[in-house]
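Fold and contact review
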Amino acid sequence: MPASLSDVIGLLDLEQLEVGLFRGSQPEGSSLKRVFGGQVAAQALMAAQHTVPEDRHVHSLHLYFILGGDPTIPIVYDVENVRDGRSFTTRRVAARQHGEIIFYMTASFQVVEDGWDHQDVMPPVPSPDESTPLVDIIAMRGPEATEHWKKEWSSFDMRYIGDNRPADDPQRALVPAVQRLWFRADGTLPESRQIHNAAFAYISDLSLLGASLVPHAQFIGSPEVQPASLDHTIWFHRPVAADQWLLYDQTSPSASGARGLSTARVFSEDGILVATVAQEGLIRRVTKRD
């Protein structure tokens with residue numbers, strides 16, 4: 001993931017090769033050994049959005065990460081026109097590298113309609129200014145981890161609120177895992193709903209799986225954990241402004257079979273529920289060999 005927001009925006013500017021066929025570039029200078037899943041999701045969403053009428057906006061994404069992407073070559077996105085209805089449009093996107101499918105996405109789009117409206121209430125949390133910059137927490141792991149974070153992830157500003165890891169946290173009696181943070185793009189995004197949706201999809205993959213490790217006193221970056229995103233779903237309830245503060249209210253209802261399930265509600269700073277996200281991922285225990 002590039003360190004500057006302008007580079008992220010550049011990654012969302014796909015090259016159209018043919019009708020329904022697009023090519024996405026890779027960030028320069030990244031040290032990641034495989035493509036960040038959020039990047040593939042964002043580029044796939046941009047590809048799908050290019051084939052949909054402007055009056056229809058994405059309301060749900062269902063993603064499968066099949067193979068780890070190669071960060072040294074572009075990714076080709078093949079958009080299948082599944083259906084164009086009066087109110088809904090459906091697209092399926094296959095991402096390919098080296099002649100193999102590495103990722104699938106199904107996305108549904110809808111015209112703007114009026115209807116009944118309700119939502120959950122945002123939990124009481126400290127404001128972004130009262131929360132800890134995530135880079136300060138990363139710094140506890142040492143200068144090398146800090147430098148890596150700044151190089152790969154600083155295109156988004158993230159503020160850590162906390163989790164229910166402490167044994168005396170009263171939330172532990174209600175749910176096995178709670179993890180909360182604020183995030184936003186570190187800068188101003190273009191006034192494009194498509195770009196804001198894609199930028200949100202980009203960052204939604206970064207911290208969610210980590211919630212499933214909270215009850216086990218582990219972290220995604222631990223050498224004792226082999227993590228990987230397996231599938232990912234986003235429901236967009238209301239317009240998302242990805243360059244404004246968003247609360248990522250994460251929980252994990254289950255972990256089993258070396259897989260963890262995490263879900264999250266996403267609120268704007270003024271308490272509007274803009275999205276719900278769910279992800280299942282690999283959280284395999286790494287055992288040391290003599």
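Residues numbered from 1 in each chain as written. Predicted model: local features only at pLDDT ≥ 70, side-chain atom pairs only at ≥ 80, totals over all residues. Heavy atoms only, no water.

1. Overview of the UniProt feature "domain: Acyl-CoA thioesterase 2 C-terminal" (unreviewed entry) in the chain
Feature annotation in UniProt assigns "domain: Acyl-CoA thioesterase 2 C-terminal" (unreviewed entry) to the following positions: residues 178-282. Here residues 178-282 is 11% helix and 49% strand, with 19 Å between the C-alpha atoms at its ends. (UniProt positions renumbered as here; feature names shortened; annotations may be inferred. Helix = DSSP H or I, 4+ residues; strand = E, 2+ residues; numbered from the N terminus.)

2. Let's talk about the UniProt feature "domain: Acyl-CoA thioesterase-like N-terminal HotDog" (unreviewed entry) in the chain
Under the present numbering, the feature "domain: Acyl-CoA thioesterase-like N-terminal HotDog" (unreviewed entry) in UniProt falls on residues 34-110. With 17% helix and 53% strand, the stretch residues 34-110 has end C-alpha atoms that lie 33 Å from each other.

3. Topic: the layout of surface pockets
Roughly 1,500 Å³ of internal volume is contained in the largest pocket. Forming the boundary of the largest pocket are 45 residues, of which Trp-153, Leu-206, Ile-220, Gly-221 and Pro-227 lie nearest the centre. Looking at the lining of the largest pocket, the elements that each hand over two or more residues are helix H2 (37-49), strand S6 (100-111), helix H3 (134-138), helix H4 (143-153), strand S8 (156-163), strand S9 (178-185) and strand S10 (225-236). Its residues assigned to classes, the lining of the largest pocket comprises 27 nonpolar, 12 polar and six charged. Along its surface, the second largest pocket is lined by 23 residues, and Gln-110, Glu-113, Phe-236, His-237 and Arg-238 are the ones closest to its centre. Breaking the lining of the second largest pocket down by element, the ones donating at least two residues are strand S3 (56-65), S6, helix H5 (193-204) and S10. Looking at side-chain class alone, the lining of the second largest pocket contains nine nonpolar, eight polar and six charged residues. (1 Å grid on protein atoms, 1.4 Å probe; cavity = no way out; pocket = protein on both sides within 12 Å on 5 of 7 lines; lining within 4 Å. Points joined across faces, edges and corners; volume = space filled by probe spheres on them. Nonpolar A, V, L, I, M, F, W, Y, C, P; charged D, E, K, R; others polar.)

4. Points about the environment of Arg-180
The residue Arg-180 is located in strand S9 in this model. A polar contact is formed between the side chain of Arg-180 and the side chain of Asp-249, at a distance of 2.6 Å. (Polar contact = N/O pair within 3.5 Å; in protein donor to acceptor, adjacent residues only side chain to side chain.)

5. Regarding H4
Taken together, the buried positions of H4 are occupied by Thr-146, Trp-149, Glu-152 and Trp-153. Along the axis of H4, the buried residues cluster in a sector spanning 150 degrees; they form a single face. Set apart from the buried face of H4 by more than 90 degrees, the exposed residues are Pro-143, Glu-144 and Glu-147. (Buried < 20%, exposed > 50% of the residue type's maximum accessible area, 1.4 Å probe, protein only. Arc of directions from axis to C-beta.)

6. Some remarks on the packing of aromatic side chains
One pair of aromatic rings is described through two measures. These are the centre distance and the angle between the planes. Throughout the structure, instances matching the rule amount to five aromatic pairs. With a centroid separation of 5.3 Å and an interplanar angle of 65 degrees, the aromatic rings of Phe-183 and Tyr-248 are classed as edge-to-face. Note that Phe-183 is positioned in strand S9 and Tyr-248 in strand S11 (residues 246-256), a separation of 65 residues in sequence. Accessibility assignment for this pair places Phe-183 and Tyr-248 in one class, buried. Consider the rings of Phe-200 and Phe-236, whose centres lie 5.8 Å apart with planes at 65 degrees: the pair is edge-to-face. Taken together, the positions of Phe-200 in helix H5 and Phe-236 in strand S10 put the pair 36 residues apart, joining distant regions of the chain. The same class applies to Phe-200 and to Phe-236, which are both buried. Taken together, the ring pairs in this structure connect Phe-183, Phe-200, Phe-236 and Tyr-248 into an aromatic cluster. The aromatic ring of Tyr-104 is capped on one face by Arg-92, whose charged end is 4.2 Å from the ring centroid. (Phe/Tyr/Trp six-rings, centres within 6.5 Å; stacked < 30°, edge-to-face > 60°. Lys NZ or Arg CZ within 6 Å of the ring centre and 35° of its normal.)

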